Amino acid sequence: MIDIESPAVAGRKVRAQKLGVLLALFDLPILNAGFRAVIDAELDMQVVGEIDEPGALRAYVEKSAADIAITEYLPFSGRGPSTIEPIEVIRAARPEMKILALACGGTCGGSGEQFSLALKAGAHGYLTREAQASDVVSAIRSVAHGQTYVSPAMVTSMVNTYLLRTSPGSMGDPYDLLSEREREVLLLAALGHTNREIAKTFHLSEQTVHNYRAAVMEKLGFHDRVELLKFAIRRGLINVADL
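Residues numbered from 1 in each chain as written. Predicted model: local features only at pLDDT ≥ 70, side-chain atom pairs only at ≥ 80, totals over all residues. Heavy atoms only, no water.

Visitor: Please clarify how helix α2 (residues 31–40) should be interpreted in this entry.
Guide: In an α-helix there are 3.6 residues to a turn, and that puts residues three or four apart on one side. All buried positions along α2 are accounted for by Asn32, Phe35 and Ile39. Taken end-on, α2 shows its buried residues confined to a sector of 70 degrees, consistent with a single buried face. Away from its buried face, by an angle of more than 90 degrees, α2 presents the exposed residues Ala33 and Ala37. Buried-residue contacts for α2 involve β1 (19–24), β2 (45–51), β3 (68–72), β4 (98–103) and α6 (133–144). (Buried < 20%, exposed > 50% of the residue type's maximum accessible area, 1.4 Å probe, protein only. Helix = DSSP H or I, 4+ residues; strand = E, 2+ residues; numbered from the N terminus. Arc of directions from axis to C-beta. Contact = heavy atoms within 4.5 Å.)

What follows is the structure in structure tokens.
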């Protein structure tokens, strides 16, 4: 854990004139230096703490006076549902703290579904690792003012996906029959997550997840996880880099 001074003390020093930002990046802590340089270069914001130990996150956040936390969100990296836990931990420790989720983006199949999952987990904004310095700054200011931020690259992706799904050739697409929750279950199930893991992610019972999963299989006409995975890849919801 990197901490130049007590997070509470550091936060109080900048609160009067600057937005305090906490960096909670665990998989790629090397990104901290880049984010710090971008944020500290602005007159209205400053990094007040960095942490790279997931186990110490809750205690650190509870003491921190930061206004905004930037943390990783890698729901399909292979580590399982626990990858959304940093968002949930921050939200539980400091409900008033704004959260920016940093996702892997286009290089590993970022999608509108991933954005939706991040918001449900408690994030207030969504950035990808391809974000430019100006995007990071805009995201911090947006969530600080109570707005939901989506990276420009993700907006383009979501618009393109919408146009694809609403094109004349997409009429009758069985994917359109799925509810939002069923689509979320589809993604996690396709990547091999168990009903128990999915239930933990969405705070549901295993039986409820079983019912969603059965509905997905019936509506799509599939019989096993391999078919779900192939379908998700064909639609561009995920790609082989997520496996």
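Next comes the rest of the description.
Visitor: Sorry if this is basic, but what is going on with the packing of aromatic side chains here?
Guide: By convention here, two paired aromatic rings are described through the distance between centres and the angle between planes. A full pass over the atoms with the stated rule returns three aromatic pairs. Between the aromatic rings of Tyr73 and Tyr126, the centroid separation amounts to 6.3 Å while the plane-to-plane angle is 70 degrees, which identifies the pairing as edge-to-face. Taken together, the residues Tyr73 in the loop between β3 and α4 (85–93) and Tyr126 in strand β5 (residues 125–128) connect sequence positions 53 residues apart. By relative accessible area, Tyr73 is classed as buried at 0%. Given a relative accessible area of 0%, Tyr126 falls into the buried group. In textbook terms, an aromatic cluster arises when at least three aromatic residues are bridged by ring pairs, as seen for Tyr175, Phe222 and Phe231. (Phe/Tyr/Trp six-rings, centres within 6.5 Å; stacked < 30°, edge-to-face > 60°.)

Visitor: Hey, could you run me through the sheet that holds β1 in this one?
Guide: Hydrogen bonds between backbone groups are what pair the strands of a sheet, and the pairing can be parallel or antiparallel. Pairing is parallel in the open sheet, where six strands are placed in the order β2-β1-β3-β4-β5-β6. The strands lining the two open edges of the sheet, one partner per strand, are β2 and β6 (149–150). Sheet strands in contact with α2 are β1, β2, β3 and β4, and its direction is about 160 degrees off that of β2. The sheet strands contacting α4 are β3 and β4, and the helix crosses β3 at an angle near 160 degrees. (Pairing = 2+ DSSP bridges. Axes fitted to C-alpha atoms, helices over the stretch in contact; angles between N-to-C directions.)

Visitor: Would you take a moment to explain the environment of Asp44 for this structure?
Guide: Summarising the element assignment, Asp44 is placed in the loop between α2 and β2. Counting along the chain gives 97 residues from Asp44 to Arg141, while the straight-line C-alpha distance between them is 8.9 Å. Once residues lying within four places of it in the same chain are set aside, the contact partners of Asp44 are Gln17, Lys18, Leu19 and Arg141.

Visitor: Just checking my understanding: could you explain the nonpolar core for this structure?
Guide: Within soluble globular proteins, side chains that are nonpolar generally end up buried alongside one another. In this structure, Tyr73, Leu186, Leu220 and Leu228 are the most contacted members of the largest nonpolar core, which totals 48 residues. Leu220 has contacts with Pro174, Tyr175, Leu178, Leu186, Leu228 and Phe231, leaving out every residue within four places of it along the chain. Counting residues in each nonpolar core, the second largest holds 19 residues, with Val47, Leu100, Val136 and Val137 among its members. (Core = buried A, V, L, I, M, F, W, Y, C linked by side-chain atoms within 4.5 Å.)

Visitor: What is the right way to read the pairing of β1 from this model?
Guide: Side-chain direction in a regular strand flips from residue to residue, so the side chains alternate between the two faces of the sheet. Counting buried positions over the six residues of β1 gives six, a clear majority of the element. Of the two faces of β1, the one lined by Leu19, Val21 and Leu23 and the one lined by Gly20, Leu22 and Ala24 are each fully buried. Taken together, the four bridges between β1 and β3 define a ladder with parallel strand orientation. By the bridge assignment for β3, Val21 is matched with Ile68.

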